[in-house]
Amino acid sequence: MNTTAIKDVEYEQPLAGADGATCSTKHAWARVPPELSPAERAALKDKIRRLLKEKNAVMVSHYYVHPDLQDLAEETGGIVSDSLEMARFGRDHAAQTLVVSGVRFMGETAKILSPEKTVLMPDLDATCSLDLGCPIDEFSAFCDQHPDRTVVVYANTSAAVKARADWLVTSSCALDIVRALKDAGQRILWAPDRHLGAYIERETGADMVFWNGACIVHDEFKALELELLKKEHPQAKVLVHPESPPEVVALADAVGSTSAILQAAREMDAREFIVATDNGMMHKLRRLNPGKTFHEAPTAGNSATCKSCAHCPWMAMNGLADVARVLETGANAIHVDPALIPRARQPIDRMLAFTAALKSGQPAGALVPHFGAA
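Now for a description of the structure that goes with this document.

Conventions and cut-offs
Per-chain numbering applies: the sequence of each chain, read as written, is numbered from 1 onward. Whole-chain, interface and lining totals are the exception, using all residues; otherwise, since this is a predicted model, local features are given only for residues with pLDDT of at least 70 and side-chain atom pairs are given and counted only at 80 or more. In computing side-chain values, all of the structure's heavy atoms are included and hydrogens and water are not. Note on conventions: DSSP H or I runs of at least 4 residues are helices, E runs of at least 2 residues are strands, and numbering of each starts at the N terminus. Under the scheme applied here, a residue whose accessible area is under 20% of the maximum for its type counts as buried, over 50% as exposed, and between as partly exposed, the area being computed with a 1.4 Å probe on protein chains only. Two strands make a pair as long as DSSP finds a minimum of two bridges between them. Whether a crossover is right-handed comes down to one check: with the strands pointing away from the viewer, does the path from the first strand over the helix to the second run clockwise; if it does, it is right-handed. Under this scheme, a helix contributes an axis fitted over its contacting stretch, all axes are lines through C-alpha atoms, and angles between N-to-C directions fall in the 0 to 180 degree range. What makes two residues a contact is simply this: any of their non-hydrogen atoms within 4.5 Å. Between Lys or Arg on one side and Asp or Glu on the other, a salt bridge is scored when a side-chain nitrogen of the former is within 4 Å of a carboxyl oxygen of the latter.

Side note on the environment of P147
The topology assignment puts P147 in the loop between α6 (136–144) and β7 (150–154). For the pair P147 and L189, spaced 42 residues apart in sequence, the C-alpha separation works out to 9.3 Å.

As structure tokens, this is what we get:
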């Protein structure tokens, strides 16, 4: 019997752009697993540990899922990270089964990088507003309207959208890659998050056109309420994910990806922080910085429409009981059309080669092909 509750999430839908394109995810829903008793949690964790060994499997969990899933992944030799590092870890790990706790595009990305492996997810209906708001047919038509532009898509997209792209980026490498494309004389078509795209455009000066999508969590952070919270905590530094609205980004002491936020919290000379990203990050921030205080940036206020606070309703669908169930039964396997995988993998491999060269001090700009140039 399914005892999970249905949670409806209302949020302000982005207005249509000049070309009429808009995010089509006006209404979101999610099934939220019931809270478990301490005894139930302990029993499920023991069962999952046993099944991981029996099935030659490893857990990979996103920073935004329940703390139990983050902790268990690390305790059993898995990883807690962003979506691309989850996929890269799964590709390089000896396990033949990957249990991906996150949202559907993360499972698809893991499958694209590890097509020979079994990729399981606690709930296949756990998705993402950025993915939902960028359907492949409409996106392909948008690309066709701009044939002279290099297509750069964010990781939060379907396998089909990735296959239509020239480059894939994450929030941690997007600035470097777009800057290299600009230096090579290329003009950019960006999708799907308009806030992240606008941030990159401001920082790099690149010539960009945007798909009109948004994250239902980050889009709801409020600058006015953030300013009021800063007055309550004048010593606090503000850490902001660039998927947030520009007026929120403007108030930040540090802007960056989940990994960059973790690094800033560790390295900045402050004991108190206000954090504008999904509140699933709070678990890792507090564990890694036990002497520091972290406050959630506000989504509430007179102008707020989001009912989810600062937590993705689909990330909340991941639970211990479903992890145990899919490991035991093999249910909820991710499938990506084999014919799509080579094309979807190309922009991912291009990004991985670029970031590897950058990390090793090699001239990553030499890896930029000259397609889509003006």
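Structural notes on the pairing of strand β5 (residues 97–101)
In terms of burial, β5 is largely enclosed, as five of its five residues are buried. Taking every second residue as pointing to the same face, both faces of β5 are buried, with T97, V99 and S101 on one and L98 and V100 on the other. Two strands pair when backbone bridges link them, and β5 and strand β6 (residues 118–120) are joined in this way by three bridges, in the parallel orientation. In the sheet register, V99 faces β6, and the bridge partner there is L120. Once the chain exits β5 it traverses helix α4 (residues 104–113) before rejoining the sheet at β6, and the crossover so formed is right-handed.

Topic: the sheet that holds strand β8 (residues 167–169)
Taken together, the four strands give an open sheet; going across it, the order is β8-β7-β9-β10, and neighbouring strands pair in parallel fashion. Only two strands of the sheet have a single partner each, and these edge strands are β8 and β10 (208–210). Between one strand and the next, the sheet's axes are offset by a mean angle of 25 degrees, whatever the strand orientation. Across the face of the sheet, α6 comes into contact with β7, β9 (188–191) and β10 while running at roughly 165 degrees to β9. On top of the sheet, helix α9 (residues 194–204) reaches β7, β9 and β10; it is set at about 170 degrees to β10, its chief contact.

Overview of the pattern of salt bridges
Inspection of every chain in the model, using the stated rule, returns 22 salt bridges. Notably, a salt bridge pairs R41 with D68, separated by 2.6 Å at the nearest N-O pair. One end of the pair, R41, is in helix α1 (residues 38–54); the other, D68, is in helix α2 (residues 67–75), and 27 residues separate them in sequence. Across the pair R345 and D349 runs a salt bridge whose closest N-O atoms are separated by 3.1 Å.

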